[in-house]
Amino acid sequence: DTANVVLKPENLTFEEAASIPLVGMTALQALKSSGLKKGDSIFISGGAGGVGTMAIQLAKYVFKAGKVVTTASKGEKENLCKSLGADVVLNYKDTKFEQVYGGENAEKFDVCFDTTAESLKMTNIVKKSGEIVTIAGMPTLEEIRRIGGKAWVLKLFLKRKEKRKEFKAAKSIGANWNYLFLSPSQEDLSILANHLANGVIKPVLDNVWDFHSEDQEQGWQGAFNRSFSGRSKGKCVVKIAP
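In this report, the structure presented in the accompanying data block is examined. Predicted model only: the values in this text are computed from it and were never measured.

### Some words on the packing of helix α2 (residues 21–34) against helix α3 (residues 50–62)
Step number 1: Running from N to C, α2 and α3 point in directions that differ by 50°, and their axes come no closer than 8 Å. Classified by the angle between their axes, α2 and α3 sit oblique to one another. α2 and α3 meet at a crossing whose hand is right-handed. Contacts between α2 and α3 involve Val23, Gly24, Thr26, Ala27, Leu28 and Leu31 from the first element and Gly50, Val51, Met54, Ala55, Leu58 and Ala59 from the second.
Step number 2: Each residue belonging to the contact of α2 with α3 can be placed in one class, and the counts come to nine nonpolar, three polar and no charged.

Here it is, written out as structure tokens:
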């Protein structure tokens, strides 16, 4: 809706600006809903993805988290996450975070942000009275109602939060679990635009593809292939206008 539009920061290209709203507002709203505050510790799964790259930066430089831990593959993605502010990057291919931080005497987290459908595992690493927020998997009935969805239609296959095994597991240790759906917000987009203009956070683009290219890998098909391959770092952007 035009009511939710804000001006593009002058220091961003149009391609960079195009990469921001979906992942930026998702990450911002998830962290706001989690109650993350200065000095808190946070675990973010999938740090090299579109939402993950935004969440790391926002957690570290806007919410002033004391410790940011994430998961990514070794090499380029690990280095990217560290450059964005992650204090610890676990290689998910050979390390299970629920084992590293799930022991009785292991460090626990104030907030866990799930972008990879692993929120059930996060009940092993969250503090008592901590928060788990997920954007992965099937939404809850409550969340559909919150964003104004036709809950009476979806009620046939959407579960109430209280019936989800993730919620029950979190509640059993005194923590909270919630599903978050992005809600368009001019206020949140303005916050992101200001942080981008001031250099507090930055866009992360895997690459830009030309919509009009006759070469499939250089055109929009290449962007889709890259995005769905799971190998992209940040956002894949398709340039429409020459």
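Having seen the model, we can carry on.
### Focus on the nonpolar core
Step number 1: If you look at the biggest cluster of nonpolar residues, it comprises 37 residues, and the most contacted ones within it are Ile42 and Phe113.
Step number 2: Those residues in contact with Ile42, other than ones at most four positions away along the chain, are Leu31, Leu36, Ala59, Ala65, Lys67, Val68, Val69, Phe109, Val111 and Phe113.
Step number 3: Residues Phe43, Ala170, Trp177 and Tyr179 belong to the second largest nonpolar core, which totals 16 residues.

### Quick look at the packing of aromatic side chains
Step number 1: Inspection of the entire model under this criterion finds six aromatic pairs.
Step number 2: Here Phe43 and Phe97 contribute two aromatic rings whose centre-to-centre distance is 4.6 Å and whose plane-to-plane angle is 40°, an arrangement assigned as tilted. With Phe43 in strand β1 (residues 41–44) and Phe97 in helix α5 (residues 97–100), this pair connects stretches of sequence that are 54 residues apart.
Step number 3: We classify Phe43 as buried; its relative accessible area is 0%.
Step number 4: With 6.1 Å between their ring centres and 35° between their planes, Tyr179 and Phe181 make a pair best called tilted.
Step number 5: A relative accessible area of 31% places Phe181 in the partly exposed class.

### Digging into helix α10 (residues 186–197)
Step number 1: Relative to the 16 Å expected for twelve residues at 1.5 Å per residue, α10 spans 16 Å between its end C-alpha atoms, a close match to the ideal helical length.
Step number 2: On its buried face, α10 sits against α2 and α3.
Step number 3: At the C-terminal side of α10, Gly199 shows a positive phi close to 75°.

### With respect to empty space enclosed by the protein
Step number 1: Summed over all chains, the structure comprises one cavity of 30 Å³ or more.
Step number 2: Each pocket or cavity is described by its volume, and for the largest cavity that value is around 40 Å³.
Step number 3: Residue lining of the largest cavity: Ser19, Ile20, Val23, Gly50, Thr53, Met54, Pro203, Val204 and Lys235, and that is the complete set.

### Brief notes about the sheet that holds strand β2 (residues 67–72)
Step number 1: Here six strands make up an open sheet; going across it, the order is β3-β2-β1-β4-β5-β6 and the pairing parallel. The sheet is open, and its two edges are formed by β3 (88–91) and β6 (176–179), each paired on a single side. On average, each strand axis in the sheet is tilted by 15° relative to the strand beside it, whichever way the strands run.
Step number 2: As defined by bridge partners, strand β4 (residues 109–114) adjoins strand β5 (residues 126–134) across five bridges and the pair is classed as parallel. If you follow Phe109 over to β5, its bridge partner there is Val126.
Step number 3: Running at roughly 160° to β2, helix α4 (residues 76–84) makes contact with β2 and β3 of the sheet.
Step number 4: Along the sheet, helix α9 (residues 165–172) contacts β5 and β6; its crossing angle with β6, the most-contacted strand, is approximately 155°.

How each quantity is defined
- Residues numbered from 1 in each chain as written.
- Predicted model: local features only at pLDDT ≥ 70, side-chain atom pairs only at ≥ 80, totals over all residues.
- Heavy atoms only, no water.
- Axes fitted to C-alpha atoms, helices over the stretch in contact; angles between N-to-C directions.
- Helix = DSSP H or I, 4+ residues; strand = E, 2+ residues; numbered from the N terminus.
- Parallel < 35°, antiparallel > 145°, perpendicular 65-115°, else oblique.
- Left-handed = near helix turned anticlockwise from the far one by under 90°.
- Contact = heavy atoms within 4.5 Å.
- Nonpolar A, V, L, I, M, F, W, Y, C, P; charged D, E, K, R; others polar.
- Core = buried A, V, L, I, M, F, W, Y, C linked by side-chain atoms within 4.5 Å.
- Buried < 20%, exposed > 50% of the residue type's maximum accessible area, 1.4 Å probe, protein only.
- Phe/Tyr/Trp six-rings, centres within 6.5 Å; stacked < 30°, edge-to-face > 60°.
- Expected span 1.5 Å × (residues − 1).
- 1 Å grid on protein atoms, 1.4 Å probe; cavity = no way out; pocket = protein on both sides within 12 Å on 5 of 7 lines; lining within 4 Å.
- Points joined across faces, edges and corners; volume = space filled by probe spheres on them.
- Pairing = 2+ DSSP bridges.

That is the geometry; function is a separate question.
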